[in-house]
Amino acid sequence: MEKLALSMIGIQKSFPGVQALAGVDFNLRKGEVHALLGINGAGKSTLIKILSGIYSKDAGEIYIHGRLVEIDEPLEAKSLGIATVYQDPQVIPSFVGYENIFLGAEAEGNSVFSIINRKNLKERAQRLLEKFPFNVDLTKPVLELETIEKEAIAVLRALSQENTSILVLDEPTSILAYEEIRILREQIQVLKERGISIIYITHRLNEIFDIADRFTVLRDGKNVGTYAVDETLIDTNKIAELMLGEKLSQMYPQRDSTSEEEILRTENLSLVDHFENVNLSVHKGEILGIFGLVGSGFDELCKSLYGINTPESGHIFIKGKEVNQESVSDAEQNGIFLIPGDRRIEGQISEENICFNTTLSNLGKIATKLGLIKLRKERKDTNRMIDLLGISTPSATQKVALLSGGNQQKVVIGKGLYAKRDIYIFEEPTIGVDVGAKSGIYKLIRELSKEKAVIVASSDCEEIFSICDHAVVLHKGQVVLDKPINETRLDEMLLYGLTGGIDAKK
Amino acid sequence: MQRNRKQFMSFNRDYLSVLIFLGVLAIVMIALTLLNEYFLTINNLLRALKHLSIFSLTALGLTFVVTVGHSDMSFHFLSCFAGMTMSFFIGKGMAPLPSILIGLLAGASVGVINGITVGKFKLPDMIATIAIGSVAWGMSYLYSNGNYIYENFLTSGIIQFSDGRLFEIPYPVLYLFGFYILAYVVLHHTKSGRAFYAVGGNRVAARFSGIKVEKYIFIAFIICAVLASFSNLLLTASQGNGNVKGGLVLLMPAWASVYVGVSIFKKPSVVGTFLGSFLISIMQNGFTLMNAPFYIMDLIVGLTLIAAIIISKTEIKQKASVGKISKTNEIEAA
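For every chain, the first residue of the written sequence is number 1, and numbering continues from 1 onward in sequence order. As they are written, the chains are lettered A onward and the ligands numbered 1 onward, keeping that order. A pLDDT threshold of at least 70 governs which residues receive local features in this predicted model, and a stricter bar of 80 or more applies before side-chain atom pairs are shown or counted, although totals over entire chains, interfaces and linings include all residues. Heavy atoms throughout the structure, all of them, feed into the side-chain values; hydrogens and water do not.

As for the overall build of chain B
Keep this limit in mind: Helix and strand assignments follow DSSP, with helices taken as H or I runs no shorter than four residues and strands as E runs no shorter than two, numbered in order from the N terminus. Only protein chains enter the accessibility calculation, which uses a 1.4 Å probe; a residue is then buried when its area is under 20% of its type maximum, exposed when over 50%, and partly exposed in between. The contact definition used throughout considers only heavy atoms, calling two residues in contact when any of these lie within 4.5 Å. Areas reported as accessible are Shrake-Rupley estimates using a 1.4 Å probe. Residue values count occlusion only from the protein chains shown.
From N to C terminus, chain B includes 15 helices and two strands. Across the 334 residues of chain B, 50% fall into the buried class. Sequence separation of at least 24 residues holds for 77% of the intrachain contacts in chain B that already meet a minimum separation of 6. Put simply, chain B shows about 15700 Å² of open surface, and 70% of that area lies on carbon and sulfur atoms.

Encoded structure:
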């Protein structure tokens, strides 16, 4: 018992009509990194919110360092040394690092006129950095910093509370690139050495092996099991099975033979500062994968193929014919559709319902010649799309904002399918999507590629390696690797993506 | 089971806000009836309807701009320009119909400038439209140095534009239903309507879906300008003179009407705007009957607008906690 930083016993929590937590036991050893896993709706965030005082539990006991406590308010959690860093670092962009760290705790007094002593703040920040040596410049405005540095500032803010001993990191890596994840790992090591216990929530299962000491899987509001990472012979598939509760038939769908029919080809496509001389060739029945880190240019490349950006030079050929593509309307004419990487911003109209979103790119199909919408046909077509894609929703008139990430992504894909194009480009198709929905989306993409040309661009190397037939690796806007998947390896792709292959050539 | 219940509850909530609105409307009407015996008479209700017809058309135009996620602070200014342009040509002896058309054209041209400035060049809508509107208002002084224009008003037949009747129905009431039905079909039952909502809901996603965002913002500003101009032309005709300040009264009631509509249906809509205009018009009519000074009306309309905004925002906040709406979207919208 002595060694437990936190012990939660029999935690229960219900919301109207749903039992979110049905008696969960969870314990955290001192100085360990404990991964908390589960698909969306399994109860992870409810558990964390109870721990940080946002929700109050219906039943159960919480012990911190062996002492029974009641946490009813976020402030109580804070005073007990529990700090949470959310997915999207909550920082004020125009403030410099140390101002963000001590936001709201700048001065002793609590009056509006309490004077902020910058020198004192800087010293406090310096002392914090000595204790937790992160590589971050605290005197720069946060908007000039990289994502990992923002994350570091959010973590430092959590640690600025002297007594912080339990740190919750909620999906810290979902917005980080590979190199940054490595840095984060080092930072977590530093925290461990200072005796801080970490609860680590993630969707990326392979991270667990690098970062965590133990992991706990939640399913349907229950603890399915807690395992030591190095003790059991587990792999990501087994963990996924635990999370899903049924045997994963296969995460990644079977590959098919590809045909020779070339549908899309680019020659020397260039966009200054983003990518240079990109030559791609996509065949019917094949999935072309583009792997690159965030900032490698794959985002701009995809958008150029969809007419959002206009490349400075180069040519695009569709079925052998050169096409002119300067706008989304041109792309529409050319039969191209992009399922964008940031679905909340680029993909969906969150406040509208599934019907509205599904038909948005092909309104002509449900409209009369005068432009009047045939509502019944729209509903029928949308229902068919919901069945086809397996979108779980009470009805076709459900607001997209109220769906889970995976279902939202399916709605955006549905919009693309409904638009009936020849070439589909998926950018980061499974970001923020849980494991269960992930394999469904992969299956869909594979199914689609039988009829159409498909490009998948992602910063998740394993994703590209596992579902694509041909891989192109982008590094700083240059194509550094261009091979059929069966002639390359995951580590080779990763290496080229990270370094551009310079080390490999040595 | 649980899903059904959830759906039922959300249905109930939408339904509830309509009921609350009808309750408020009933209370206002009962109060006005008790305060003034003349309120609930056919003659007065017809007068209220005519007032409604004029003001609610401005609100209808504004609904389009709010639907695409923008604000227009120029429509009252530019409607003065339209009104004075029409009055000028009436004064010069031109027939009513061409004068009306030239007036509308004048207002529409300012709407075009709004649309280009905000849609194409993406300048901040509030500031840009205030500036453009001020210029338009300034121009309306040029025709008569800011003096009233009376010439030919009684003889040209322009008064018929607002006082005429078809089968006993006042023309403005016909305009009201004509424009509202047309707008309802366009906004809620056509491809273009979808596009307006898509642009207002998420501009970036609309663009990625192949919708010509700039075009719809442009059109919305023109619709707003034309309908505000139309309202002020009616107002000018019914008052029998051209007044440079005539259209300024359109600003607050239009905003209040649109936002009362948003507070009922959670988003701008033709029916919502109509209900909003109805409430505002009834209140204005009641206060006029009681000989309340004009600033009391401004006060009441202003308070209604604030209340409506608060109600519509609270609703969005509640949704945000359930649906996890992305922060970036809100920033985008702002």
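After that view of the structure, there is still more to cover.
Observations concerning the sheet that holds strand β1 (residues 4–15) of chain A
All names here are of chain A. Threshold: Whether two strands pair depends on DSSP finding at least two bridges between them. Note on definitions: angles span 0 to 180 degrees between N-to-C directions of axes, and those axes are lines fitted to C-alpha atoms, for helices only across the stretch in contact.
The strand order across the open sheet built from four strands is β2-β1-β4-β5, with neighbouring strands paired in antiparallel fashion. The open sheet has two edge strands with one neighbour each: β2 (18–29) and β5 (67–69). If you compare each strand with its neighbour and ignore which way they point, the axes differ by 25 degrees on average. With five bridges joining them, β1 and strand β4 (residues 59–64) adopt antiparallel strand pairing. The residue bridging Ile9 from the neighbouring strand is Glu61, located in β4. Relative to the sheet, helix α1 (residues 44–51) contacts β1, β2 and β4, its axis offset from that of β1 by approximately 115 degrees.

Topic: the domain arrangement of chain A
All names here are of chain A. Note the cut-off: Domain limits in this description derive from either an automatic procedure or a database domain assignment. Salt bridges are defined by distance alone: a side-chain nitrogen of Lys or Arg within 4 Å of a carboxyl oxygen of Asp or Glu. In protein, a polar contact means a hydrogen-donor-capable atom and an acceptor-capable atom, both N or O and within 3.5 Å, with residues adjacent in sequence counting only if both atoms are side-chain atoms; elsewhere, any N or O pair within 3.5 Å suffices. Basically, the charged four are Asp, Glu, Lys and Arg, the nonpolar ten are Ala, Val, Leu, Ile, Met, Phe, Trp, Tyr, Cys and Pro, and anything else, Gly included, counts as polar.
Under the domain assignment used here, chain A contains domain 1 (4–81 + 163–244), domain 2 (90–146), domain 3 (252–335 + 421–506) and domain 4 (350–417). Placing a centre on the C-alpha atoms of domain 3 and another on those of domain 4 gives a separation of 26 Å. At the junction of the two partners, domain 3 supplies 13 residues and domain 4 supplies nine residues. Counting across the interface, domain 3 meets domain 4 through zero salt bridges. Put simply, domain 3 and domain 4 have two residue pairs in polar contact (both at pLDDT 80 or more) between them. Only β17 (423–427) and α15 (435–449) provide two or more residues apiece to the side of domain 3 that touches domain 4. Broken down by element, the side of domain 3 that touches domain 4 gets its largest block of residues, four residues, from α15. Residue composition of the side of domain 3 that touches domain 4, grouped by class: eight nonpolar, two polar and three charged.

Remarks on empty space enclosed by the protein
Residue and element names in this part refer to chain A. Applied cut-off: For each structure, a 1 Å grid was placed over the protein atoms alone; sets of points admitting a 1.4 Å probe that cannot get out are labelled cavities, open sets with protein on both sides within 12 Å along at least five of seven lines are labelled pockets, and lining residues have an atom within 4 Å of a point. Grid points are joined across faces, edges and corners, and a volume is the space filled by probe spheres set on the points.
In the structure shown here, the tally under the stated rule is three cavities of 30 Å³ or more. Its boundaries defined by the atoms lining it, the largest cavity holds a volume of some 160 Å³. Considering the residues around the largest cavity, the lining is formed by 14 residues, among which Arg204, Thr430, Ile431, Gly432 and Lys438 are closest to the centre. Looking at the lining of the largest cavity residue by residue, the class counts come to two nonpolar, six polar and six charged. Taken together, domain 1 (4–81 + 163–244) and domain 3 (252–335 + 421–506) each give at least three residues to the lining of the largest cavity, which thus spans both.

Notes on the packing of aromatic side chains
Keep this limit in mind: We call Phe, Tyr and Trp rings a pair once their centres come within 6.5 Å, taking the six-membered ring for Trp, and we label the pair stacked below 30 degrees between planes, edge-to-face above 60, and tilted otherwise. Cation placement over rings: the criterion is NZ of Lys or CZ of Arg within 6 Å of the ring centroid and within 35° of the ring normal.
Within the structure shown, the criterion is met by 20 aromatic pairs over all chains. With a centroid separation of 6.0 Å and an interplanar angle of 65 degrees, the aromatic rings of Tyr306 of chain A and Phe337 of chain A are classed as edge-to-face. One end of the pair, Tyr306 of chain A, is in the loop between α9 (298–305) and β14 (313–318); the other, Phe337 of chain A, is in strand β16 (residues 336–339), and 31 residues separate them in sequence. The pair Tyr306 of chain A / Phe337 of chain A is uniform in exposure class, with both members buried. Ring centres 5.0 Å apart and planes at 35 degrees place the aromatic pair Phe88 of chain B and Tyr143 of chain B in the tilted group. Of this pair, Phe88 of chain B sits in helix α3 (residues 75–91) while Tyr143 of chain B sits in the loop between α5 (125–140) and α6 (153–156), placing them 55 residues apart in sequence. Its relative accessible area of 24% is what places Phe88 of chain B among the partly exposed residues. What links up through ring pairs into an aromatic cluster is the set Phe161, Tyr171, Tyr175, Phe179 and Phe230 of chain B. Here the guanidinium or amino end of Arg124 of chain A rests over the ring plane of Phe102 of chain A, the centre of that ring lying 4.3 Å away.

Quick notes on a nonpolar patch on the surface
Residues and elements named next belong to chain B. Stated formally: Candidate patch residues must exceed 30% relative accessible area and have no salt bridge, after which like charges are joined if within 9 Å and Val, Leu, Ile, Met, Phe, Trp or Tyr side chains if within 5 Å.
There is a patch of nonpolar side chains on the surface, built from Leu166, Phe167, Ile169 and Leu174 and spanning about 400 Å² of accessible area. Turning to its location among the elements, Ile169 is positioned in strand β2 (residues 169–170). Given the relative accessible area of 34%, Ile169 is considered partly exposed.

Considerations on helix α9 (residues 191–201) of chain B
Considered for burial, the residues of α9 of chain B that qualify are Gly193, Arg194, Ala195, Phe196, Tyr197, Ala198 and Val199 of chain B. Residues of α9 of chain B that are buried make contact with α12 (354–359) and α13 (375–389) of chain A together with α2 (42–67), α8 (171–189), α10 (203–208) and α11 (213–239) of chain B.

Here we look at unusual backbone geometry
Residues and elements named next belong to chain A. One non-glycine residue, Asn268, lies in positive phi territory at about 50 degrees. Structurally, Asn268 can be placed in strand β11 (residues 262–271). With phi around 50 degrees, Lys420 is a residue other than glycine that occupies positive phi space. Among the secondary structure elements, Lys420 is positioned in the loop between α14 (405–418) and β17. When its relative accessible area of 59% is taken as the criterion, Lys420 is described as exposed.

What about the sheet that holds strand β8 (residues 197–201) of chain A?
Residue and element names in this part refer to chain A. The strand order β6-β7-β8-β3-β9-β10 describes an open sheet built from six strands, whose pairing is mixed. Two strands close off the open sheet at either side, each with one partner strand: β6 (82–85) and β10 (222–228). Adjacent strand axes in the sheet meet at a mean angle of 20 degrees when their direction is disregarded. Bridge analysis of strand β9 (residues 214–219) against β10 gives six bridges, and the strand direction is antiparallel. Counted as the bridge partner of Thr216 is Thr226 from β10.

Some remarks on the pairing of β11 of chain A
Residues and elements named next belong to chain A. As judged from the six bridges shared by β11 and strand β12 (residues 275–283), these two strands associate in the antiparallel manner. Paired with Leu269 across the bridge in β12 is Val278. Taking the residues that link successive antiparallel strands as the turn, the β11-β12 hairpin has three residues, and the phi of Asp273 there is positive, at about 75 degrees. For β11 and β14, the ladder comprises five bridges, and the chain directions are antiparallel. The residue bridging Ser270 from the neighbouring strand is Ser313, located in β14.

Describing the packing of α2 of chain B against helix α12 (residues 251–265) of chain B
Residue and element names in this part refer to chain B. Spelled out, the test is: The labels follow the angle: roughly parallel below 35 degrees, roughly antiparallel above 145, roughly perpendicular from 65 to 115, and oblique for the rest. Put simply, a crossing is left-handed when the front helix is turned counterclockwise from the back one by less than a right angle, and right-handed when it is turned clockwise.
Interhelical geometry of α2 versus α12 gives an angle of 60 degrees and a closest axis separation of 8 Å. Judged on the interaxial angle alone, α12 and α2 are oblique. Considering only the axes of α2 and α12, their crossing is right-handed. Contacts from Phe55, Thr58, Ala59, Leu62, Thr63 and Val66 in α2 reach Pro253, Ala254, Trp255, Ser257 and Val258 in α12. Counted by class, the contact of α2 with α12 contains eight nonpolar, three polar and no charged residues.

Quick word on the packing of α9 of chain B against α11 of chain B
Residue and element names in this part refer to chain B. One way to put it is that α9 packs onto α11 with a least axis distance of 10 Å and a crossing angle of 100 degrees. By the angle class used here, α9 and α11 are roughly perpendicular. The residues of α11 that touch α9, namely those facing Ser192, Ala195, Phe196 and Val199, are Val213, Tyr216, Ile217, Ile219, Ala220 and Ile223. A per-class count over the contact of α9 with α11 returns nine nonpolar, one polar and no charged.

A look at the environment of Gly23 of chain B
The topology assignment puts Gly23 of chain B in helix α1 (residues 2–35). Taking the relative accessible area as the measure of exposure, Gly23 of chain B reaches 30% and is therefore partly exposed.

Overview of the pairing of strand β18 (residues 453–458) of chain A
Residue and element names in this part refer to chain A. Burial analysis of β18 places six of its six residues in the buried class, which makes it a mostly covered element. Residues Ala453, Ile455 and Ala457 line one face of β18 and the alternating positions Val454, Val456 and Ser458 line the opposite face, and both faces are buried. As judged from the five bridges shared by strand β13 (residues 287–292) and β18, these two strands associate in the parallel manner. Bridging from a neighbouring strand, Ile290 pairs with Ala457 of β18. The pairing of β17 with β18 spans five bridges and is parallel. Its bridge partner being in β18, Glu427 is matched across the sheet by Ala457.

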